[in-house]
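Listed below are the residues making up each chain.
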Amino acid sequence: MPFRAPTARLALKPLSPSPGHDELDGAWWPRSRDLTHELAALADVLDPLWGRITRIAVNPRYWSTIPRKLLVNGHVVKVGWSTPERDPHKILLLSYTAGRWDLLVIPPETSAPSAARLMAAASASTGPPLTAPVPPRRPG
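Residues numbered from 1 in each chain as written. Predicted model: local features only at pLDDT ≥ 70, side-chain atom pairs only at ≥ 80, totals over all residues. Heavy atoms only, no water.

Colleague: Would you explain the environment of N73 in this entry?
Modeller: Here N73 lies in the loop between β4 (69-72) and β5 (75-81). The class of N73 is partly exposed, set by a relative accessible area of 43%. For the pair formed by N73 and A43, sequence separation is 30 residues and the distance between their alpha carbons is 8.6 Å. Apart from the residues lying within four places of it in its own chain, the contact partners of N73 are A43, D44, D47 and P48. Separated by 3.2 Å, the side chains of N73 and D47 make a polar contact. (Helix = DSSP H or I, 4+ residues; strand = E, 2+ residues; numbered from the N terminus. Buried < 20%, exposed > 50% of the residue type's maximum accessible area, 1.4 Å probe, protein only. Contact = heavy atoms within 4.5 Å. Polar contact = N/O pair within 3.5 Å; in protein donor to acceptor, adjacent residues only side chain to side chain.)

Laid out in structure tokens, this is it:
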């Protein structure tokens, strides 16, 4: 039986991207801190839903390695980062055809019950902006 990578863990608002981006458009709970693998899985799921993803921006605070480019559904997605401008708990996805989306990034170390609450709140139609909890660093 061929191996199939698990799909991205997402919770998205039912509406189109939020106007003005004062709110989140949903939440993403990556399985690991391997950004190359995790972003490829995320873009692979969102590309058919939102139109061709062309650029992704992250804050490097919690990612040890950030790829410059990813191959997704036969096209290249550029990945960028900026420290002061990008909230470390958010990811920005851009599409030429459909616009911009801001997703809350839930740390992979977050417990399933906490992640479920954050994902439900981030994908609700209304509510205040959210920040993901940052688990304490383990020594070593």
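Colleague: Teacher, can you tell me more about the packing of aromatic side chains here?
Modeller: When we look at a pair of aromatic rings, we describe it by the centre distance and by the angle of the planes. What the rule picks out here adds up to two aromatic pairs. Between W28 and W63 the ring centres are 6.2 Å apart and the planes differ by 20°, which places this aromatic pair in the stacked class. Residue W28 is found in strand β2 (residues 26-28), and its partner W63 is found in the loop between β3 (53-58) and β4; the two are separated by 35 residues along the sequence. Taken as a pair, W28 and W63 share a single burial class, namely buried. (Phe/Tyr/Trp six-rings, centres within 6.5 Å; stacked < 30°, edge-to-face > 60°.)

Colleague: Sorry if this is basic, but what is going on with helix α2 (residues 112-122) here?
Modeller: Residues that lie three or four places apart on an α-helix share one face, since the helix turns once every 3.6 residues. Listed as buried for α2 are A115, L118, M119 and A122. End-on view of α2: buried residues confined to an arc of 100°, all on one side of the axis. In α2, the exposed residues that point more than 90 degrees away from the buried face are P113 and R117. Contact partners of the buried residues in α2: β1 (10-12), β2 and β7 (99-105). (Arc of directions from axis to C-beta.)

Colleague: How should I be thinking about the nonpolar core in this particular structure?
Modeller: Soluble globular proteins: nonpolar side chains tend toward being buried together. Counting 22 residues, the largest nonpolar core has W28, L39, L42, I56, I91, L93 and L103 as its most contacted members. At the level of secondary structure, the elements contributing two or more residues to this core comprise α1 (35-50), β3, β4, β5, β6 (90-95) and β7. Looking at this core element by element, the count peaks at six residues for α1. Of all hydrophobic cores here, the second largest spans 10 residues; its members include A11, L24, A27 and M119. (Core = buried A, V, L, I, M, F, W, Y, C linked by side-chain atoms within 4.5 Å.)

Colleague: Would you mind showing me how to read the pairing of β5 here?
Modeller: Regular strands have side chains that alternate between both faces of the sheet. Where β3 lies against β5, four bridges are found, and the strand directions are parallel. The residue of β5 that forms the bridge with A57 is G80. With four bridges joining them, β4 and β5 adopt antiparallel strand pairing. When the sheet's bridge partners are listed, K69 is paired in β5 with K78. Count of turn residues in the β4/β5 antiparallel hairpin: two residues, of which N73 carries a positive phi of about 50°. (Pairing = 2+ DSSP bridges.)

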